[in-house]
Structures are given as C-alpha cells and as structure tokens.
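Chains, contacts and geometry: an overview
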Amino acid sequence: MEAAPTETERAAVAERLLTSSLRTSYDPTVEIDWDAPHTPGAYWLPPHRSSLYGTPLWEQLSEEQRVELTSTRWPARPAPGCGSRRSSCRC
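Residues numbered from 1 in each chain as written. Predicted model: local features only at pLDDT ≥ 70, side-chain atom pairs only at ≥ 80, totals over all residues. Heavy atoms only, no water.

**Observations regarding the overall build of the protein**
A count of helices and strands for the protein gives four helices and zero strands. The order of helices and strands in the protein, counted from the N terminus, is α-α-α-α. Taking all 91 residues of the protein together, 9% fall into the buried category. Contacts in the protein between residues far apart in sequence, at least 24 positions, make up 20% of those at least 6 positions apart. When the accessible area of the protein is evaluated, it comes to approximately 8,100 Å², of which 56% is carbon and sulfur surface. (Helix = DSSP H or I, 4+ residues; strand = E, 2+ residues; numbered from the N terminus. Buried < 20%, exposed > 50% of the residue type's maximum accessible area, 1.4 Å probe, protein only. Contact = heavy atoms within 4.5 Å. Areas by Shrake-Rupley, 256 points an atom, 1.4 Å probe, with all protein chains shown as cover.)

Laid out in structure tokens, this is it:
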C-alpha cells in the first residue's frame, strides 16, 4: 500500500496543473478580435462540425457551398420567389 502524497507533493501537482491550464486556456472576449472581417473562402467552423459532414450530400457540395454551410450568416427573409414562410430559408 502506497503512502498518501505529502503536502509538498500535492502542492507541486497543483502548481503543475494550474500552469498547464494557463497555457492551454484563453478568454475569447479578450483574445479574439470580434470586429475583424472574415477571411473570404475560409470556413467559419471546422468542416467536421457541419451537420452534413461525411454524408453523401456533403460530397456533392462545392467548396464554396461547404464554407457557406458553416457560416452563421442567415438571411433575414426568404429569397425573392421563394414559397417558404420561414425566415431562415436558403433557397
């Protein structure tokens, strides 16, 4: 049976974990430039986070359509001639 860690050992582990946490975390309200423009052609989210990723429909999309699918920019109203009453329609 092993002896319980000493106070010094527990403090060393705590210090190591806190230091590691500081290196691998960030504050998005401070470290992200929310006013910066989006880079054209860049995904808004990683592609694998898209709801269609890995499906046959995803494979049929162009790169431009895939990028747009990861966007959070949705129109305020349907396109002209659209029969949908949903404001989020993308037709």
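Moving on from the model shown.
**Here we look at a nonpolar patch on the surface**
On the surface, Y26, I32 and W34 cluster together into a nonpolar patch covering about 380 Å² of accessible area. Its place among the elements puts I32 in the loop between α2 (28-31) and α3 (56-60). With relative accessibility at 34%, the residue I32 sits in the partly exposed group. (Patch = residues over 30% accessible without salt bridge, like charges linked within 9 Å, V, L, I, M, F, W, Y side chains within 5 Å. Salt bridge = Lys/Arg side-chain N within 4 Å of Asp/Glu carboxyl O.)

**Observations regarding the pattern of salt bridges**
Summed over the entire model, instances satisfying the criterion amount to two salt bridges. For E59, the salt bridge is made with R66, and the minimal N-O distance between the two is 3.9 Å. Classification of E59 by relative accessible area gives exposed; the value is 55%. Judged by relative accessible area, which is 15%, R66 ranks as buried.

**Digging into the confidence of the model for the protein**
The predicted model of the protein averages 80 in pLDDT, with 78% of residues at 70 or higher. Per-element averaging of pLDDT across the protein places α2 at the bottom with 76 and α3 at the top with 95. (pLDDT = per-residue confidence, 0-100.)

**Concerning the packing of aromatic side chains**
For any pair of aromatic rings, the description rests on two quantities: the centre-to-centre distance and the angle between the ring planes. By the definition in use, this model includes one aromatic pair. Ring geometry for Y53 versus W58: centroids 5.5 Å apart, planes at 70 degrees, classification edge-to-face. Residue classification places W58 among the buried residues on the basis of a relative accessible area of 4%. (Phe/Tyr/Trp six-rings, centres within 6.5 Å; stacked < 30°, edge-to-face > 60°.)

**Observations regarding the side chain of T70**
Tracing the backbone through its elements, the reader meets T70 in the segment after α4 (63-69). For T70, a relative accessible area of 3% translates into the label buried. In terms of polar contacts, T70 uses its side chain to reach the backbone carbonyl oxygen of V67, at 2.8 Å. Leaving out residues up to four positions away in the same chain, T70 has contacts with Y43, W44, L45 and S50. (Polar contact = N/O pair within 3.5 Å; in protein donor to acceptor, adjacent residues only side chain to side chain.)

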